[in-house]
Amino acid sequence: MTVTFEVRDGVGTIRLDRPPMNALDVAIQDRLRELAEEATRREDVRSVILYGGEKVFAAGADIKEMQAMDHTAMVLRSKGLQDAFTAVARIPKPVVAAVTGYALGGGCELALCADFRIAADNAKFGQPEILLGLIPGAGGTQRLARLIGPSRAKDLIFTGHMVKAEEALALGLVDRVVPAAEVYEQAYAWAAKLAKGPALALRAAKESIDAGLETDIDTGLTIERNWFSGLFATEDRERGMRSFVEEGPGKATFG
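Scope of this entry: the structure provided in the associated data block. (Residues numbered from 1 in each chain as written. Predicted model: local features only at pLDDT ≥ 70, side-chain atom pairs only at ≥ 80, totals over all residues. Heavy atoms only, no water.)

**What about the overall build of the protein?**
When helices and strands are tallied, the protein shows eleven helices and nine strands. A compact globule built from 255 residues should have a C-alpha radius of gyration of about 18 Å, and the protein, at 19 Å, falls within 12% of that. Every one of the 255 residues in the protein was classed for burial, and the buried ones make up 43%. Taking the intrachain contacts of the protein between residues at least 6 apart in sequence as the baseline, contacts between residues at least 24 apart amount to 68%. Just so you have it, the protein exposes about 13400 Å², and 56% of that area is on carbon and sulfur atoms. The centroid of the 31 positive side-chain charges in the protein is displaced by 1 Å from the centroid of its 36 negative side-chain charges. (Helix = DSSP H or I, 4+ residues; strand = E, 2+ residues; numbered from the N terminus. Rg over C-alpha atoms; globule rule 2.2 N^0.38 Å. Buried < 20%, exposed > 50% of the residue type's maximum accessible area, 1.4 Å probe, protein only. Contact = heavy atoms within 4.5 Å. Areas by Shrake-Rupley, 256 points an atom, 1.4 Å probe, with all protein chains shown as cover. Lys, Arg positive; Asp, Glu negative; His and termini not counted. Charge placed at Lys NZ, Arg CZ, Asp CG, Glu CD.)

Pasting the structure below:
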């Protein structure tokens, strides 16, 4: 398998495993979609890690495979490419990308699908598609601009240059930079902590933020209000409030 999925204590790890650079060919893209849908369905999966291994996250698409495609072939394939990444972005659970080495092109776009990004101090990010006479096609023009702003996104996409981990942190492209040996450990700690949280409330928070960013503030507030009131029907809300009243804040445990 070029992509694997392992679950431990509520944390599911989607691991790219196509040495040496985890090039994202069609088979990997389709497998990512399948595993994202599995992570969405499974009740024993409460948070997710995207990981490429100790050396590299993903250095981009399989260029040799793409070179063989003509316009008609890519018209037919491009939606499948986007659908795979969208499936990852829409996992209704906390998702963290643990990034080592290169995260370029599709690799950067995959990291953008996560809610939180932890990068190794040796990581490098970029959208170099322009150097091939192309633009990002797996969501990069949309997710990158929403994350770091249009001007910064245009600089990266127009030039195709790479940024090191510390610059990526300054841009807001990543959220934390750690020693390379600690990337997965810290990603797991983040995911494991949230795996113990109230699953429906976390889903509500994620969907409210993501959906709200795509619309006007009044519609966003309606989305938030509906989720907020709906959570009053959940056992987790009852348990959380009872624990707060009886034991004080931060002591509730959720199933």
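There is more to say after this.
**With respect to helix 5 (residues 140–148)**
Within helix 5 the residues assigned to the buried category are Gly-140, Leu-144 and Ile-148. The buried residues of helix 5 occupy one face: seen down the axis, they fall within an arc of 15°. Following helix 5 by one or two positions, Gly-149 has its phi on the positive side, about 95°. (Arc of directions from axis to C-beta.)

**Regarding the sheet that holds strand 8 (residues 163–164)**
If you walk across this open sheet you meet the three strands as 5-7-8, and the pairing is mixed. Edge positions in the open sheet fall to strand 5 (102–104) and strand 8, since each of these has one partner strand only. Strand direction decides the pairing type here: strand 5 and strand 7 (residues 124–126), joined by three bridges, are parallel. Considered in strand 7, the bridge of Ala-103 is made with Phe-125. (Pairing = 2+ DSSP bridges.)

**Details of the side chain of Arg-117**
The topology assignment puts Arg-117 in strand 6 (residues 116–120). For the buried residue Arg-117, which engages in no salt bridge, the nearest side chain bearing the opposite charge is Asp-175, 4.1 Å off. Within the structure, the side chain of Arg-117 is placed 2.9 Å from the backbone oxygen of Leu-173, a separation counted as a polar contact. Sequence-distant contacts of Arg-117, defined by excluding residues within four places in its chain, comprise Ala-97, Ala-111, Leu-112, Leu-147, Leu-173, Val-174, Asp-175 and Arg-176. (Salt bridge = Lys/Arg side-chain N within 4 Å of Asp/Glu carboxyl O. Polar contact = N/O pair within 3.5 Å; in protein donor to acceptor, adjacent residues only side chain to side chain.)

**Quick look at the sheet that holds strand 3 (residues 47–51)**
If you trace the six strands from one edge of the open sheet to the other, you get 1-2-3-4-6-9, paired in mixed fashion. In this open sheet, the two edge strands, each paired with only one partner strand, are strand 1 (3–8) and strand 9 (176–178). Neighbour-to-neighbour, the strand axes of the sheet open up by a mean angle of 20°, direction not taken into account. Note that strand 3 and strand 4 (residues 95–99) share four bridges and pair parallel. Pairing of Leu-50 across the sheet is with Ala-97, part of strand 4. (Axes fitted to C-alpha atoms, helices over the stretch in contact; angles between N-to-C directions.)

**Quick word on a nonpolar patch on the surface**
Among the surface-exposed residues, Met-21, Tyr-102 and Met-162 lie close enough to one another that they form a single nonpolar patch of about 250 Å² accessible area. Examined against the element boundaries, Met-21 turns out to sit in the loop between strand 2 (11–16) and helix 1 (26–41). Met-21 sits in the partly exposed class, given a relative accessible area of 33%. (Patch = residues over 30% accessible without salt bridge, like charges linked within 9 Å, V, L, I, M, F, W, Y side chains within 5 Å.)

**Focus: the pairing of strand 4**
Among the five residues that make up strand 4, five are buried, leaving the element largely enclosed by the rest of the structure. Every second residue of strand 4 is oriented toward a common face, with Val-95, Ala-97 and Val-99 on one face and Val-96 and Ala-98 on the other, all of them buried. Pairing of strand 4 with strand 6, which is carried by four bridges, proceeds in the parallel orientation. Along strand 6, the bridge assignment pairs Val-96 with Phe-116.

**Let's talk about helix 1**
With 16 residues, helix 1 should reach 22 Å at 1.5 Å per residue; the first-to-last C-alpha distance of 23 Å fits that figure. Taken residue by residue, helix 1 has Val-26, Ile-28, Gln-29, Leu-32, Leu-35, Ala-36 and Ala-39 as its buried positions. Contacts from the buried residues of helix 1 go to strand 1, strand 2, strand 3, helix 2 (63–67), helix 3 (71–89) and helix 4 (106–112). (Expected span 1.5 Å × (residues − 1).)

**Remarks on the side chain of Gln-127**
The topology assignment puts Gln-127 in the loop between strand 7 and helix 5. Side-chain polar atoms of Gln-127 contact the backbone oxygen of Gly-105, separated by 3.4 Å. In terms of polar contacts, Gln-127 uses its side chain to reach the side chain of Glu-129, at 3.1 Å. The residues touching Gln-127, leaving out its near neighbours within four places in the chain, are Gly-105, Cys-108, Glu-109, Leu-112, Pro-136, Gly-140, Leu-144, Leu-156, Ile-157 and Gly-160.

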